[in-house]
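# What the coordinates show
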Amino acid sequence: MDSVKGSHMWDIDGNEYIDYVGSWGSAIIGHADDEVLAALAETMKKGTSFGAPCLLEKILAEMVISAVPSIEMIRFVNSGTEACIGVLRLARAFTGRERIIKFEGCYHGHADPFLVKAGSGVATLGLPDSPGVPKGATYESLTSPFNDILTVENLFEANKGDIAAIILEPVVGNSGFIAPKPDFLAALRRIAKENDAVLVFDEVMTGFRLSYSGAQEYLGITPDLTTLGKIIGGGHPVGAYGGRREIMEMVAPAGPKFAKFYWGMLEEAVYFAPSQFEAGIFLFFIF
Ligand SMILES: Cc1ncc(COP(=O)(O)O)c(C=O)c1O
């Protein structure tokens, strides 16, 4: 494709298309909105990378926190994939356990531990699992069919005290549309709590779409941690994870215990370009 504007796109031969993809939902107000572009152009004049935190980062953080009540603290990253990597490491650090449960057909980005029975491109291309992912990387990733609470209970039974987190798309968008059965999410919430495991909603696809506060508000279930993607950057490469303060405080710099562990993330936070936040902030004003 060559260019996009509003709901239309043009290829390099000049053919025009109606765009039903909308950058997978992140271009929620249409592409290349004039006011967004003007705001971005202004922000770009201030520079593209400070090597230090910027004000827009703080403003966007406050906006996301006030929009999604379960997010008490937030950490920005560069993509949904990074958000899922960060949340996985955090859940493991918080619980001191390594195993996770993910669901068949759910996609949580292209980090090794999630590329087992994954949805999205992996499912579309019919790849059983992804070549290049070492067995060891997915060894701790247990899988269950979506909406199958019995399997989840059995996994907890068979892995007592070993499961750090349950991670899922609360409404699956990466292997066709799969809605959660009534009580499925409530059962996961209960099981996670009973087993001191962390419940993670990957809202990279549902966040700010199913409702302003995401699937969690729409479906009435509160996760411990949430991941978000490009929607909060107005289509720019931004992601975030956040949630319960008690868990998030383990992330450096608030959590000195894990400062070294999270050194990479600390760096991520200070190397953001302000323009990454500008378009996202603009979207919040529109809503
Ligand atoms: C639910 C979900 N999680 C994570 C990701 C990964 O996000 P990104 O492509 O920004 O790395 C995606 C991408 O489509 C997604 O749909």
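Above: the structure in question.
So, here's what we can say about the structure. (Residues numbered from 1 in each chain as written. Predicted model: local features only at pLDDT ≥ 70, side-chain atom pairs only at ≥ 80, totals over all residues. Heavy atoms only, no water.)

This part takes up the environment of Asp11. Structurally, Asp11 is set in the loop between strand S2 (8-10) and strand S3 (16-18). Placed 10 residues apart in sequence, Asp11 and Met1 show a C-alpha to C-alpha distance of 4.1 Å. A polar side-chain atom of Asp11 sits 2.9 Å from the main-chain amide nitrogen of Asp13. In terms of polar contacts, Asp11 uses its side chain to reach the backbone amide nitrogen of Asn15, at 2.9 Å. (Helix = DSSP H or I, 4+ residues; strand = E, 2+ residues; numbered from the N terminus. Polar contact = N/O pair within 3.5 Å; in protein donor to acceptor, adjacent residues only side chain to side chain.)

Hydrogen bonds between backbone groups are what pair the strands of a sheet, and the pairing can be parallel or antiparallel. A sheet is described by the order of its strands in space; here three strands give the open sequence S1-S2-S3, paired in antiparallel fashion. The two strands at the open ends of the sheet, each matched to only one other strand, are strand S1 (3-5) and S3. Between one strand and the next, the sheet's axes are offset by a mean angle of 25°, whatever the strand orientation. Across three bridges, S2 lies against S3 in antiparallel orientation. Its bridge partner being in S3, Trp10 is matched across the sheet by Glu16. (Pairing = 2+ DSSP bridges. Axes fitted to C-alpha atoms, helices over the stretch in contact; angles between N-to-C directions.)

It is worth spelling out helix H7 (residues 184-194) at this point. Those residues of H7 that sit buried are Phe184, Leu185, Ala187, Leu188, Arg189, Ile191 and Ala192. Packed against the buried residues of H7 are strand S5 (99-103), helix H6 (149-158), strand S7 (163-168), strand S8 (198-202) and helix H8 (215-219). One or two steps after H7, the chain reaches Asp196, where phi turns positive at roughly 55°. (Buried < 20%, exposed > 50% of the residue type's maximum accessible area, 1.4 Å probe, protein only. Contact = heavy atoms within 4.5 Å.)

Before going further, it helps to examine the site of the ligand. Surveying the vicinity of the ligand reveals the residues Ser79, Gly80, Thr81, Tyr107, His108, Gly109, Glu169, Asn174, Asp202, Val204, Met205 and Lys230. Contact between the ligand and Asn174: an oxygen atom at 2.9 Å from a side-chain N or O atom of the residue. Here an oxygen atom of the ligand and a side-chain polar atom of Lys230 are 2.7 Å apart. Isolated, the ligand exposes 390 Å² of accessible area, and the fraction of that covered by the protein chains is 85%. Of the residues contributing to the shell around the ligand, the split by class is three nonpolar, six polar and three charged. (Near = heavy atom within 4 Å. Areas by Shrake-Rupley, 256 points an atom, 1.4 Å probe, with all protein chains shown as cover. Nonpolar A, V, L, I, M, F, W, Y, C, P; charged D, E, K, R; others polar.)

Glancing now at unusual backbone geometry. The backbone of Asn147 sits at a positive phi, close to 70°, despite the residue not being glycine. Assignment of secondary structure puts Asn147 in the loop between strand S6 (141-144) and H6. Given the relative accessible area of 15%, Asn147 is considered buried. Positive phi, normally seen in glycine, also occurs at Asp183, with a value near 80°. Looking at the element boundaries, Asp183 is found in the loop between S7 and H7. Using a relative accessible area of 61% as the deciding quantity, one classes Asp183 as exposed.

Our next topic: the side chain of Ser211. Secondary-structure assignment places Ser211 in the loop between S8 and H8. Looking at Ser211, its side chain comes within polar contact range of the main-chain oxygen of Gly214, at 2.9 Å. At 2.8 Å, the side chain of Ser211 forms a polar contact with the side chain of Glu217. Those residues in contact with Ser211, other than ones at most four positions away along the chain, are Glu217 and Tyr218.

Before going further, it helps to spend a moment on the sheet that holds S5. In space, the seven strands of this open sheet follow the order S4-S10-S9-S8-S7-S5-S6, with mixed pairing throughout. Here the strands that pair on one side only, and so sit at the sheet edges, are strand S4 (73-77) and S6. Going from strand to strand, the sheet's axes swing by 20° on average, the running direction of each strand aside. Pairing of S4 with strand S10 (residues 239-243) involves five bridges; the strand directions are antiparallel. For Phe76, the partnering residue across the bridge sits in S10 and is Ala240. Strands in contact with H6 are S5, S6 and S7; relative to S6, the strand with the most contacts, it is inclined by about 150°.

Time to look at the environment of Gly234. Position of Gly234 among the secondary structure elements: in the loop between strand S9 (225-228) and S10. For Gly234, a relative accessible area of 26% puts it in the partly exposed group. On a C-alpha basis, the gap between Gly234 and Ile281 in space is 7.8 Å, while along the polypeptide they are 47 residues apart.

Turning to H6, a few remarks are in order. Residues Val152, Leu155 and Phe156 constitute the buried set of H6. In a view along the axis of H6, the buried residues occupy a sector of 95°, so they form one face of it. Those residues of H6 that are exposed and angled more than 90 degrees off the buried face are Leu150, Glu157 and Ala158. Elements that come into contact with the buried residues of H6 comprise S5, S6, S7 and H7. Of the residues that open H6, the one with a side-chain oxygen 3.3 Å from the backbone nitrogen of Leu150 is Asp148. (Arc of directions from axis to C-beta.)

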